[in-house]
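Commentary on secondary and tertiary structure
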Amino acid sequence: MKQAGPGRGPGLSARLEALIQRLWFAPAPGSALQAVGAALTPLSWLTGRIATRRRARINERRRADQAQAQPDRPAVIIVGNLIAGGAGKTPLTLALASHLGSQGWRVGLLCRGGPAGARAAQLVPTTATPTDALTIGDEARLLADLTGLPVAIGHRRALALDLLTRSHPDLQIVISDDGLQHQALRRDLELILLDRRELGNGRLLPAGPLREPAAALETADAIVINRGMSGAPVDLPVATIAPVFDSRLDVRDVIALADYLEQPRTADTAMTRPGLPAASARILRDLSTGPVAAVAGIANPAPFFQWLDSMGLQVTRYAPGDHAPISAAWIDRLPEPAVIMTEKDAVKCRGSNRAHVYVLRIAARPEPGLLTWLNERLEPFRRNINGPTHS
């Protein structure tokens, strides 16, 4: 395994992000980074004050919404986390959307959208274009492609929800990929994810990774422990009365980029079964004979790289940062004879002309108890929307 050197992979922003990750998550980040953390502490105090007031207003609105029946609106589920960066929200959102669709619910999705796109709320087009990653964002394109469901984006998530429900008045459930800290976004259920990094150094932004104090776990409707691909143990950092469920990330398959971009999109593509298909195993055997560029423009690339290492691949790691502007031209310039990337990167690479480019597809596999709990919590909304049931 090699790390891509300067000019070949991560730029200055990616190296800075690596230092931040060490400050936030390394058990011993070093005296220099510890001094940086101490200097940032006053800003973390300010984050805490703002976040505490915001959480109080969110909880107050939830209580008001629960006291006032609104039978014509869809239920809103937020899949969020407390730390900055990825914790597996998008795979879990896909898995829940797939499950609810199989139960007969009409589901829509929300996400933030692209950093370079318009800040105004907009619907994600059903037909993909090579520039979507810059306009609507990689996660939005991925959600729309993998589910075929209506997706709305917007930096102001509440406006995106309004647009989505006005454009699709038949929706019964809306799942928001992130948005936990959006004060104006109403919510009926909050699912908070934790992964093997737990709460990092336990400090608030920017000295630590926390977007809000860990006390938010005490008011969550459910906590989901993302045990990743390895099933690593994760400790719950605070006491909570909320139910706690497990979820894992399984590798679905390895597929050629050209085939991936041409495949039909259906909501059940988020589901997975244990075990690697035979065709994927053959691809991995072929890749093990030479150097491979491993590309992960995601917030937490370590599990992706570790899984490839465990398969015996000779990988050069390219981690240009979350939402990095990876393109087909960038991929085509990599010196390795073969490339393997995440799905979030694949949707940005339409138009690649090189052969031997592959996509590692993963999917969340939540425990059955979470799906049963979700069915039970949503049943009142089915009655409200459809009217009273009769025996």
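A brief report on the enclosed structure follows. Remember, predicted model here, so these are calculated numbers, not experimental data. (Residues numbered from 1 in each chain as written. Predicted model: local features only at pLDDT ≥ 70, side-chain atom pairs only at ≥ 80, totals over all residues. Heavy atoms only, no water.)

1. Quick word on helix H3 (residues 89-102)
The condition that has to hold: A run of H or I in DSSP counts as a helix once it spans at least four residues, and a run of E counts as a strand once it spans at least two, with each numbered from the N terminus. The span one expects for a helix is its residue count, reduced by one, times 1.5 Å. Any residue under 20% of the maximum accessible area for its type is buried, any over 50% is exposed, and the rest in between are partly exposed; the area is computed with a 1.4 Å probe on protein chains only.
In a regular helix each residue adds 1.5 Å, so 14 residues correspond to 20 Å; H3 covers 20 Å between its end C-alpha atoms and thus fits that length. The buried count for H3 comes to 12 of 14 residues, which makes it a mostly enclosed element. By the burial criterion, the buried members of H3 are Lys 89, Thr 90, Pro 91, Leu 92, Thr 93, Leu 94, Ala 95, Leu 96, Ala 97, Ser 98, His 99 and Leu 100.

2. Digging into the packing of aromatic side chains
To be explicit about the condition: Here a Phe, Tyr or Trp ring, Trp counted by its six-membered ring, pairs with any other such ring whose centre lies within 6.5 Å, and the pair is stacked when the planes are under 30 degrees apart, edge-to-face when over 60, and tilted otherwise.
A complete count under the given rule lists four aromatic pairs for this structure. Ring centres of Tyr 318 and Trp 330 lie 5.9 Å apart, and the angle between their planes is 85°; this geometry places the pair in the edge-to-face category. One end of the pair, Tyr 318, is in strand E11 (residues 314-318); the other, Trp 330, is in helix H10 (residues 328-332), with 12 residues separating them in the sequence. Owing to a relative accessible area of 0%, Tyr 318 belongs among the buried residues under this scheme. Under the relative-accessibility criterion, Trp 330 is labelled buried at 18%.

3. Some thoughts on the environment of Pro 233
Mapped onto the fold, Pro 233 is located in the loop between strand E8 (222-226) and strand E9 (244-256). Assessed through its relative accessible area of 70%, Pro 233 is described here as exposed. As for Pro 233 and Arg 196, which are separated by 37 residues in sequence, their C-alpha atoms are 7.0 Å apart.

4. What to know about unusual backbone geometry
Residues Leu 205 and Pro 206 are joined by a peptide bond in cis, for which omega reads 0°. Structurally, Pro 206 is set in the loop between strand E7 (189-194) and E8. Of note, the phi angle at Glu 198 is positive, near 50°, even though the residue is not glycine. Judged by relative accessible area, Glu 198 falls into the partly exposed class, the value being 24%.

5. Topic: the packing of H3 against helix H5 (residues 138-147)
This is how the line gets drawn: Interaxial angles span 0 to 180 degrees and are taken between N-to-C directions of axes, which are lines fitted to C-alpha atoms, for helices over the stretch in contact. Convention used here: angles under 35 degrees read as roughly parallel, angles over 145 as roughly antiparallel, angles from 65 to 115 as roughly perpendicular, and any remaining angle as oblique. Left-handed describes a crossing whose near helix is turned anticlockwise from the far helix by less than a right angle; the clockwise case is right-handed. Whether two residues are in contact is decided by their heavy atoms: any pair within 4.5 Å suffices. All amino acids are sorted into three groups, where Ala, Val, Leu, Ile, Met, Phe, Trp, Tyr, Cys and Pro are nonpolar, Asp, Glu, Lys and Arg are charged, and the leftover types, Gly among them, are polar.
Where H3 contacts H5, the axes come no closer than 11 Å and their chain directions differ by 25°. Judged on the interaxial angle alone, H5 and H3 are roughly parallel. For the pair H3 and H5, the sense of crossing is right-handed. Across the interface between the two elements, Thr 90, Thr 93 and Leu 94 from H3 touch Glu 139, Leu 142, Leu 143, Leu 146 and Thr 147 from H5. Looking at the contact of H3 with H5, its residues break down into four nonpolar, three polar and one charged.

6. Here we look at the nonpolar core
Threshold: Side-chain atoms within 4.5 Å are what join buried Ala, Val, Leu, Ile, Met, Phe, Trp, Tyr and Cys residues into a set we call a nonpolar core.
One finds Ile 175, Ile 331 and Leu 378 to be the most contacted residues of the largest nonpolar core, which totals 56 residues. Considering each element in turn, this core owes the most residues, six residues, to helix H12 (residues 368-386). Apart from residues no more than four positions distant in its own chain, Ile 331 is found in contact with Val 295, Ile 326, Val 339, Met 341, Cys 349, Ser 352, Arg 354 and Val 357. Counting 30 residues, the second-largest nonpolar core is a separate cluster that includes Ile 78, Ile 83, Ala 160 and Ala 216.

7. Let's talk about the pattern of salt bridges
Selection rule: A pair is scored as a salt bridge if a Lys or Arg side-chain nitrogen falls within 4 Å of a carboxyl oxygen belonging to Asp or Glu.
Overall, the coordinates contain 22 salt bridges when judged by the stated rule. Asp 162 is paired through a salt bridge with Arg 166; the nearest N and O atoms lie 2.9 Å apart. With Asp 162 and Arg 166 both in helix H6 (residues 157-167) and four residues apart, this pair spans about one turn of that helix. Taking the shortest distance from any N to any O, the salt bridge between Arg 377 and Asp 221 comes out at 3.4 Å.

8. A short note on H5
Of all the 10 residues making up H5, nine are buried; the element is thus mostly covered by neighbouring parts of the structure. Gly 148 lies just past H5 and shows a positive phi near 70°.

9. Things to note about the pairing of strand E6 (residues 173-177)
The element E6 is extensively covered by neighbouring structure, given that five of its five residues are classed as buried. Residues Ile 173, Ile 175 and Asp 177 line one face of E6 and the alternating positions Val 174 and Ser 176 line the opposite face, and both faces are buried.

10. Overview of the side chain of Thr 93
Within the secondary structure, Thr 93 sits in helix H3. The class for Thr 93 is buried, based on a relative accessible area of 0%. The contact partners of Thr 93, leaving out residues within four places of it in the chain, are Val 79, Leu 109, Leu 143, Ile 175 and Asp 177.

11. Comments concerning a nonpolar patch on the surface
The following threshold applies: A patch is a set of surface residues, each over 30% in relative accessible area and not in a salt bridge, joined within 9 Å for like charges and within 5 Å for the nonpolar side chains Val, Leu, Ile, Met, Phe, Trp and Tyr. Accessible surface is estimated by sampling points in the Shrake-Rupley manner with a 1.4 Å probe; for residues, cover comes only from the protein chains shown.
A surface patch of nonpolar side chains, about 240 Å² in accessible area, is lined by Leu 16, Leu 19 and Ile 20. For Leu 19, the position within the fold is in helix H1 (residues 12-25). Classification of Leu 19 as partly exposed rests on a relative accessible area of 38%.

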